Structures are given as structure tokens and as C-alpha cells.
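# What the coordinates show
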Amino acid sequence: MNTTYALPNARRQPVTFVSGEGCYLVDDVGKRYLDLVSGLGVNALGHNHPRVTRAIQEQAGRLLHTSALYGNEYQEALASELCRLSGTQRAVFVNSGTEATEAALRMVRFYSPRTRVIEVTHITNLTGQIMPVREIMRLAKPRGIEVFVDGAHAFGQWPMKRDEMEVDFYGTSLHKWLHAPIGAGFLYVRREKIPKLWPMMAAAESQTADIRKYEEIGTHPQANFNAVSAALAFSQGMGLDRKISRLRYLRDRWAKRLLAESDRVRVLTPLGPDKSGAICLFNVEGIDPVKLGGWLLDRHRIVNTPIVHPEFHGIRITPSVYTSVTEIDTFADAVLQAIKFGIAS
């Protein structure tokens, strides 16, 4: 696809998708690909599911957008459910997990007497490692350091409780692992911390201690927020314990197989039950990850994410709950083929 006018925000692969069905994508010349990337994003229920399509059509026929200045029949019910699930007292709706954490300062890279704030990701999107949030909180609080937690890839992937993490500030995207639309997220701020945390847009003095002062984010699609209740219902029906068990099973199936069948494979993600979730990064000694990623895409129609970082490199694989064992084995078979025969031809 010509990108003369559209500025890419990531390194794009030379393929343009035009349709999808279930776990598969179809490009503009009719080639079919196994999708192992969309577990990270909004299409986490698979592509072109008839019930999802019908629900979107029905909502579009009723209401697409209303301003945050007005109420709607779903928002209060959703806020109530979020509070019940998280143990909080109020819920605030923001545009995304990224915008939620824009209220925080940049991460302080190391502690010093001048350190005032630490920003930490709950789980890194590069290797999938889960960070020890509670331990960081216990280190920071006695020193008077505020901690802001970015939970973009955490919330909805495995069960968690606010009080067990001891967090004061937590922002997350809901379009990733909760499977809500892009543009949905939430920010939690402990009640006594609200007055000192300014919103991104000016609020009335009467809202100084009101969590809802953070909801003023300008014009935004209200339908995205309305859909979160359906995502919550879906997540509750599945059960987060069952969900993370499934995700870790799929991860371990391909990762441990590759480790067992080739001494050239390195898995950079810790595979312990409390160390990571679905996201997993690996590389193969002697094969450039970008070239291997391109080979998997071109030869086997397997969508993947090569990661090139100054300190490490590899391919990130992130199945979702709908990914089948057969499809995971197809991916592992392809990698082992590359190891045995190479990717030059």
C-alpha cells in the first residue's frame, strides 16, 4: 500500500489486509494469513464474527456518539461494575491507557534523594515480563515517592486486585486484553491523591477532589465506552483465571517445544506462572529476527512482530484465547523448518 500521505507509527510489513475471518486475514491479492498479532489489539474476538458484526450494526442503528457533557444508559452501569470488580469507589473514563498515564511524569530511571515519581509498566509490551508492582510500591512509599503504574497490557489478561498491588495510580487500556474498542480505558487514583493530581484539561474548583475531573477529554466516540460493558460481560463469562491459564498454555506449548527441539532458540521472556502472560519474545541464533519475521509472513502467512532493541532482539508472539493448538503448532513447525533448512531460499 502507498504510504505517501499516511505516516506509519510502526515498521510496516509489505502486506495490506482487506478482510478477515476468525483467526485468518486476507490481503489485497487474496493470500490468506494466520493472525498471531491481533491478540494485542481490538480484534481479540477474531475477525468478522457474525455476533460481533450484528452487535455493532445494532448499536450503529441506535446511537454512535454523545458528548461527555451528557449521560447515557450504559455509562453508570459500567462504572458500577468496574468499581465492584476492582474494589474502587469511583470510575473515570478516559480515551485510552496511554492518555491515562499522560497524567504521570516520565519514569525516574533510578532512585536518588531527588526522586519524586516512579512510572512503571505493569507488564512490558516488548518481552511480556510482569513487573513487581507491589514491591516497587513498598520501596517507594516510605521514601515519599509517588508511583504511577501503566497497566496497558495487564488489565484483563490475568486476575488482579488493587489492594494486593497497593497502588495509588493505575492507568490502563481496555481495548487490549479486555477486548473493548480502541479508545476505551480507565484511570484509578486513590481518593486522597485526587486533589494534587491535575487533569489534562482545566476543571472547576469544585471538582478538586472529584475523580470525574479527569473525564473531560474533549470530543470522543461515546459508543466505545458503551461497548465496555459487553467486553466485561464476555470477560466475566470466560473467567480471568481460565483465560490466563489458556494463554500461558498456548505460550508454553510453542516456546517450550522450540527450546526442547533446538539449542539455537532463546526465549527472552521468563516462563514462570507469575512472571509473564501471553506475550513472549524469542530469537534464533544465526537468524536475523526481522528477516525471520518477514519469512514467516511471506512463506507461511503468519503475522508476527519483530522487536529490535539496543539491548535485545527477537520476535514477539502473542496468541489470544481463540488461537487453536493446531495453529500454535503450525507456527512452531515453521520456525523449526527455518532452523533446519534456513530462510534464504
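So, how was this worked out
- Residues numbered from 1 in each chain as written.
- Predicted model: local features only at pLDDT ≥ 70, side-chain atom pairs only at ≥ 80, totals over all residues.
- Heavy atoms only, no water.
- Helix = DSSP H or I, 4+ residues; strand = E, 2+ residues; numbered from the N terminus.
- Buried < 20%, exposed > 50% of the residue type's maximum accessible area, 1.4 Å probe, protein only.
- Contact = heavy atoms within 4.5 Å.
- Areas by Shrake-Rupley, 256 points an atom, 1.4 Å probe, with all protein chains shown as cover.
- Axes fitted to C-alpha atoms, helices over the stretch in contact; angles between N-to-C directions.
- Parallel < 35°, antiparallel > 145°, perpendicular 65-115°, else oblique.
- Left-handed = near helix turned anticlockwise from the far one by under 90°.
- Nonpolar A, V, L, I, M, F, W, Y, C, P; charged D, E, K, R; others polar.
- Core = buried A, V, L, I, M, F, W, Y, C linked by side-chain atoms within 4.5 Å.
- Pairing = 2+ DSSP bridges.
- pLDDT = per-residue confidence, 0-100.
- Patch = residues over 30% accessible without salt bridge, like charges linked within 9 Å, V, L, I, M, F, W, Y side chains within 5 Å.
- Salt bridge = Lys/Arg side-chain N within 4 Å of Asp/Glu carboxyl O.
- Phe/Tyr/Trp six-rings, centres within 6.5 Å; stacked < 30°, edge-to-face > 60°.

## Remarks on the overall build of the chain
Broken down by element type, the chain carries ten helices and 13 strands. Of all 345 residues assigned to the chain, the portion counted as buried reaches 47%. Contacts spanning at least 24 positions in sequence make up 64% of the contacts within the chain whose residues lie at least 6 apart. Put simply, the chain shows about 18,400 Å² of open surface, and 53% of that area lies on carbon and sulfur atoms.

## A closer look at the packing of helix α8 (residues 240-261) against helix α10 (residues 325-341)
At a minimum axis separation of 10 Å, α8 and α10 run at an interaxial angle of 25°. In terms of orientation, α8 and α10 fall into the roughly parallel class. Remark: the crossing between α8 and α10 carries right-handed chirality. Two secondary-structure elements touch here, α8 through Arg246, Tyr249, Leu250, Arg253, Trp254, Arg257, Leu258 and Glu261 and α10 through Val325, Ile328, Asp329, Phe331, Ala332, Asp333, Val335 and Leu336. Within the contact of α8 with α10, the residues separate by chemical class into ten nonpolar, no polar and six charged.

## Examining the nonpolar core
In terms of nonpolar packing, the biggest core is built from 39 residues, with Val147, Tyr170, Leu174 and Val228 touching the most fellow members. Elements with a contribution of two residues or more to this core: α2 (75-86), β5 (117-121), α4 (133-140), β6 (146-150), β8 (185-189), α7 (228-238) and α8. Counting residues in each nonpolar core, the second largest holds 26 residues, with Val265, Ile328, Ala332 and Ala338 among its members.

## Remarks on the sheet that holds strand β3 (residues 32-35)
Through backbone hydrogen bonds, the strands of a sheet pair up, either in parallel or in antiparallel fashion. A sheet is described by the order of its strands in space; here four strands give the open sequence β1-β2-β3-β11, paired in mixed fashion. Edge strands, defined here as strands with exactly one partner in the open sheet, are β1 (17-21) and β11 (302-303). Judged from the four bridges that link them, β1 and strand β2 (residues 24-27) form a sheet pairing that is antiparallel. Within the sheet, the bridge partner assigned to glutamate 21 lies in β2 and is tyrosine 24.

## As for the sheet that holds strand β9 (residues 265-267)
Read from one edge to the other, the open sheet built from four strands follows the order β9-β10-β13-β12, with strand pairing classed as antiparallel. Each edge of the open sheet carries a strand with a single partner, namely β9 and β12 (305-308). Strand-to-strand twist across the sheet, computed as the mean angle between neighbouring axes with direction ignored, equals 35°. As paired elements, strand β10 (residues 280-284) and strand β13 (residues 313-317) share three bridges and run antiparallel to each other. Residue pairing across strands places leucine 281 opposite arginine 316, the latter belonging to β13. In the packing of α8 onto the sheet, the strands contacted are β9, β10 and β13, and the crossing angle to β10 comes to about 20°. Against the sheet, α10 touches β9, β10 and β13, its axis set at about 25° to β10.

## Re the pairing of β6
Buried residues dominate β6, accounting for four of its five residues. Note that β6 and strand β7 (residues 169-173) share three bridges and pair parallel. In the sheet register, valine 149 faces β7, and the bridge partner there is tyrosine 170.

## Digging into the confidence of the model for the chain
Taken over all residues, the pLDDT of the chain has a mean of 85, while the share at 70 or more is 86%. Predicted confidence in the chain is weakest over helix α3 (residues 97-101), with a mean pLDDT of 42, and strongest over α10, with 97. Of the regions scoring below 50 in pLDDT, residues 96-110 engages in 33 contacts with residues more than four places distant in sequence or in other chains.

## Considering a nonpolar patch on the surface
The grouping of Leu45, Val52, Ile56 and Phe234 at the surface amounts to a nonpolar patch, some 310 Å² of accessible area in total. You can see valine 52 is positioned in helix α1 (residues 50-60). Here valine 52 falls in the partly exposed class, since its relative accessible area comes to 30%.

## Thoughts on the packing of aromatic side chains
Going through the model one piece at a time under the given rule, you end up with six aromatic pairs. Their ring planes at 65° and their centres at 5.4 Å tell us that tryptophan 254 and phenylalanine 282 sit as a pair that is edge-to-face. Here phenylalanine 282 lies in strand β10 and tryptophan 254 lies in helix α8, a separation of 28 residues in the sequence. Neither residue differs from the other here; tryptophan 254 and phenylalanine 282 are each classed as buried.

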